[in-house]
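Coordinates in review
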Amino acid sequence: MKAFRLAACFSNRVFLALALFFISCDYSYFEIDQLPDYEFSPVLVVPIAHSTLTINDIIAEVGHDAVSIEPDNMVVLVFSDQMSSPFAEDLFVFPDTEFKTDFNLNFELKSTQHRQRFTDGLPLSVNNDMRLDSITFKQGSFVFDFHSPELQAEGAGFSMTMTFPGSRNSQGNPLVLELGLGQKVDLELAGFTFAVSPDEKGINRLLVNYDINLELKNTPKSLSYKISFDYKLKDLKFEKIFGFLGRQTINAGKGNIPLNFFSKLPEGTIEFARPQISLTTHNSFGFPVDLLIGEFVAISPQTSLPVTGFPVPFRIQAPSVNQIGQSVPTQVTLDSENSNLPQLISLFPNQVRYDLGARFNPINDRRQNFALDKSRFSVDLEVIVPMHGLLKGVSLADTLDFSFSNPLDVVHWLELNLDVNNGFPLEASLQVHFLDENNRLLVELFAAAEQQNIIESGILDDQGRVIAPGRKNTRMVLDISQIEDLFRARRIAVSSWMRTTDNGSKMVKLYSDYSLEISLGARLKTGRTISL
């Protein structure tokens, strides 16, 4: 084939020169029937495979969402979950309230006019020991009806002004109601703010001042007249509340963090230099909160282990009055120094299961609190594993079905050529055994121990970073008897051993620009002959 390719490259001038030369020669020797017979068996060179492995291929096994690339290109695995508490509007509920009350108007003797002022409070139902200072409603109705059959029978002139001290609407104007006898009120409370004052029994009340003017046509038949008030507060939802919001304990949430990476690790010695568990809370409740760790357990297929090291109490910071509407972060990080994280990682857990709660106002100092309707706290949970560590004694093995048609009339010997350029700080050995149907050994691919070391580590600097790839070329030759056994094989058993640089003695780091390039080719000598 090479001769034909070279001939195709000659120019017409070369052919012309050769023609002139041969005209003057005896060329009977080149006649086909004068040529001797010639036979040869060719050796074929066959490229089999070329592949490049990058961090992206490893990421595909773990999941892209779990991989973070640092500014220096170091790879960090971050397994995360998030939970959030209920909103404040679901924790601080104001049930509907209905109540009735009677007032007596007392006349002076023979007087036909009467003016009276008094203060009362509308009870505001709450669901715990809250003592409120103020409340702004985003929803709700105030329904009010008053009547006096006696005064109506007298034909009295009656007017009443209801003023709510400390109240204001969204424009800043106080709430004032001018009412006549028997008039009904159905007031939408959205946008109104009310001052709240607990009474001596601790009942939260919306304060109301009543100013009553009454004029009778004739001398009163009685010196006292009763007025009945009917109140109803319904469908209440707050926009913001201030005061002491009580002590209560809630279930914040439960869940688990899947650890795909650890579940796929083989057995062996694997150490990570700087694993962490991070809990970061974001709290917009305007009061102290203690996070309660009901359960925080690492789980592997064989066992489980509670995570230790969380502070007790786990106090969550709260925003100040000047930070209303903002979330204040609190972060706690567990590492190898302050927890049992090394022991936990050694289990190769496949998940972390958690169950969290919270206690509001744990110190019970009755300081002023606040909450918006959408106040809440959230917890970001992260298991952080920088790809910085070492491994040794890590082995992988598998047995697969295998069959290959027998071309013994074609192949006399076979040479495999494996060329590896390794940019990772990892070394690997490989052995392949071909077995018959009874799992008896037929062919061992790598006879010499040094041949098994098919991947040499990249060259590291003092910081554990690869600065040049490791190169290794491995050749395996199978003679005709081995080939015969190879084609009798029905199973293939593959075993590999992996370790970091220098037989697993060095801490190394993985970076996103690392790659592994593998080229596999073959030479084979056939039993077929070509005759010329």
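Owing to the predicted nature of the structure, the values given are computational and were not obtained by experimental measurement. Within each chain, residue numbers correspond to sequence positions counted from 1 in written order. For this predicted model, a pLDDT threshold of at least 70 governs which residues receive local features, and a threshold of 80 or more governs which side-chain atom pairs are given and counted, while totals over whole chains, interfaces and linings are taken from all residues. Calculation of side-chain values draws on the structure's entire complement of heavy atoms; hydrogens and water are dropped beforehand.

Moving on: the overall build of the protein chain. Secondary structure elements are defined from DSSP: runs of H or I of at least 4 residues count as helices, runs of E of at least 2 residues count as strands, and each element is numbered from the N terminus. Secondary structure assignment for the protein chain yields 10 helices and 35 strands. Relative accessibility thresholds used throughout: buried, under 20% of the residue-type maximum; exposed, over 50%; partly exposed, between the two (1.4 Å probe, protein chains only). Across the 532 residues of the protein chain, 42% fall into the buried class. Residue contacts follow a heavy-atom distance rule, with two residues in contact if any of their heavy atoms lie within 4.5 Å. Considering only residue pairs separated by 6 or more positions, the protein chain has 85% of its internal contacts joining residues 24 or more positions apart. Only the protein chains shown count as covering a residue, and every accessible area follows the Shrake-Rupley method with a 1.4 Å probe. Carbon and sulfur atoms make up 51% of the accessible area of the protein chain, which totals about 28,800 Å².

Turning next to the packing of aromatic side chains. Under the pairing criterion, centres of Phe, Tyr and Trp rings, with the six-membered ring standing for Trp, must be within 6.5 Å; the plane angle then separates stacked pairs below 30 degrees from edge-to-face pairs above 60, leaving the rest tilted. For the coordinates displayed, the defined rule picks out 30 aromatic pairs. Between F192 and F194, the ring centres sit 6.1 Å apart and the planes meet at 35 degrees, which makes this aromatic pair tilted. With respect to class, F192 is no different from F194; both count as buried. Taking the centre distance of 6.1 Å and the plane angle of 90 degrees together, the rings of F229 and Y231 count as edge-to-face. Both residues of the pair, F229 and Y231, count as buried. Two limits define a charge over a ring: the Lys NZ or Arg CZ must be within 6 Å of the ring centre, and within 35 degrees of the ring normal. Taking the ring centre of F87 as reference, the NZ or CZ of R376 above it sits at 4.0 Å. When the ring centre of Y511 is taken as origin, the NZ or CZ atom of R465, which lies over that ring, is 3.9 Å away.

With that settled, consider a negative patch on the surface. A cluster of acidic residues, D96, D186, E188 and D235, forms a negative patch on the protein surface. Among the secondary structure elements, D186 is positioned in strand β10 (residues 184-188). Patch members must show over 30% relative accessible area and no salt bridge, and they are joined within 9 Å when carrying like charges or within 5 Å when they are nonpolar side chains of Val, Leu, Ile, Met, Phe, Trp or Tyr. We count a salt bridge whenever a side-chain nitrogen from Lys or Arg sits within 4 Å of a carboxyl oxygen from Asp or Glu. When charges are counted, Lys and Arg contribute as positive and Asp and Glu as negative, whereas His and the chain ends are disregarded. For charged residues, the charge sits on one atom: NZ in Lys, CZ in Arg, CG in Asp, CD in Glu.

Counting 127 residues, the largest nonpolar core has F92, F142 and F377 as its most contacted members. For F92, the residues in contact, after removing those within four places along its chain, are N127, N128, M130, F238, I241, L245, Q248, F285, F287, F360 and A371. Residues grouped as a nonpolar core are buried Ala, Val, Leu, Ile, Met, Phe, Trp, Tyr and Cys residues, joined through side-chain atoms within 4.5 Å.

Attention shifts here to the confidence of the model for the protein chain. Overall, the predicted model of the protein chain reaches an average pLDDT of 82, with 84% of residues at or above 70. Per residue, pLDDT captures the predictor's confidence, and it can take any value from 0 to 100. Of the regions scoring below 50 in pLDDT, residues 1-32 engages in 7 contacts with residues more than four places distant in sequence or in other chains.

Here the focus is helix α9 (residues 480-488). Every buried residue of α9 is accounted for by I483, D485, L486 and F487. For α9, the secondary structure elements touched by its buried residues are β26 (411-422), β27 (426-435), β28 (441-444) and β31 (470-478).

A few words on the environment of L279. Within the element layout of this structure, L279 appears in strand β16 (residues 276-283). On the basis of relative accessible area, L279 is assigned to the buried category, the value being 0%. It is 4.8 Å that separates the C-alpha atoms of L279 and L381, two residues lying 102 residues apart in sequence.

Okay, unusual backbone geometry next. For the peptide bond that leads from V312 to P313, omega is 0 degrees, which places it in the cis range. With respect to the helices, strands and loops of the structure, P313 is situated in the loop between β18 (304-306) and β19 (314-316). Of note, the phi angle at D235 is positive, near 55 degrees, even though the residue is not glycine. The topology assignment puts D235 in strand β13 (residues 224-244). According to the relative accessible area criterion, D235 is partly exposed, its value standing at 44%. Within the chain, N361 stands out as a residue other than glycine whose phi angle is a positive 45 degrees.

Time to look at the sheet that holds strand β4 (residues 75-84). Read from one edge of the open sheet, 5 strands run β3-β4-β23-β16-β20, paired in antiparallel fashion. Lying at the two open borders of the sheet, with one neighbouring strand each, are β3 (67-69) and β20 (328-334). Sheet twist, expressed as the average angle between the axes of neighbouring strands with direction ignored, equals 25 degrees. Examined bridge by bridge, β16 and β20 share 7 bridges and lie antiparallel to one another. Looking at the pairing, L279 lines up with V332 of β20. Should DSSP find at least two bridges between two strands, the strands are regarded as paired. Every angle, taken between N-to-C directions, lies between 0 and 180 degrees, and every axis is a line fitted to C-alpha atoms, over only the stretch in contact when it is a helix.

Let us now look at the sheet that holds β27. On the basis of which strands lie adjacent, the open sheet formed by 4 strands has the order β25-β32-β27-β28 and antiparallel pairing. Only two strands of the sheet have a single partner each, and these edge strands are β25 (394-401) and β28. Averaged over all pairs of adjacent strands, the angle between their axes in this sheet comes to 20 degrees, without regard to strand direction. In this structure, β25 lies alongside strand β32 (residues 491-500), joined through 8 bridges in antiparallel fashion. Residue pairing for β32: S395 is matched across the bridge by W497. Lying on the sheet, α9 is in contact with β27 and β28; it crosses β28 at an angle near 125 degrees.

Here the focus is the pairing of β28. Two elements, β27 and β28, share 3 bridges in a ladder whose sense is antiparallel. In the strand pairing of β28, F434 is matched with V443. Where β27 hands over to β28, the hairpin turn is made up of 5 residues, of which N439 adopts a positive phi near 65 degrees.

Let's shift gears to the environment of L478. For L478, the position within the fold is in strand β31. Classification of L478 as buried rests on a relative accessible area of 4%. Considered as a pair, L478 and W413 are 65 residues apart in the sequence and their alpha carbons are 5.8 Å apart.

In this section: the pattern of salt bridges. All chains considered together, the criterion is met by 16 salt bridges. With a closest N to O distance of 3.5 Å, D211 and R117 form a salt bridge. Of this pair, D211 sits in strand β12 (residues 204-215) while R117 sits in strand β6 (residues 113-123); the two residues are 94 residues apart in sequence, bridging distant segments of the chain. Here D513 ties to R465 by a salt bridge, and the two come within 3.2 Å at their closest N and O atoms. Here R465 lies in the loop between β29 (459-460) and β30 (466-468) and D513 lies in the loop between β33 (508-509) and β34 (515-526), a separation of 48 residues in the sequence. The class of D513 is partly exposed, set by a relative accessible area of 45%. One network of salt bridges, in which partners are shared, links E89, K138, D373 and K374.

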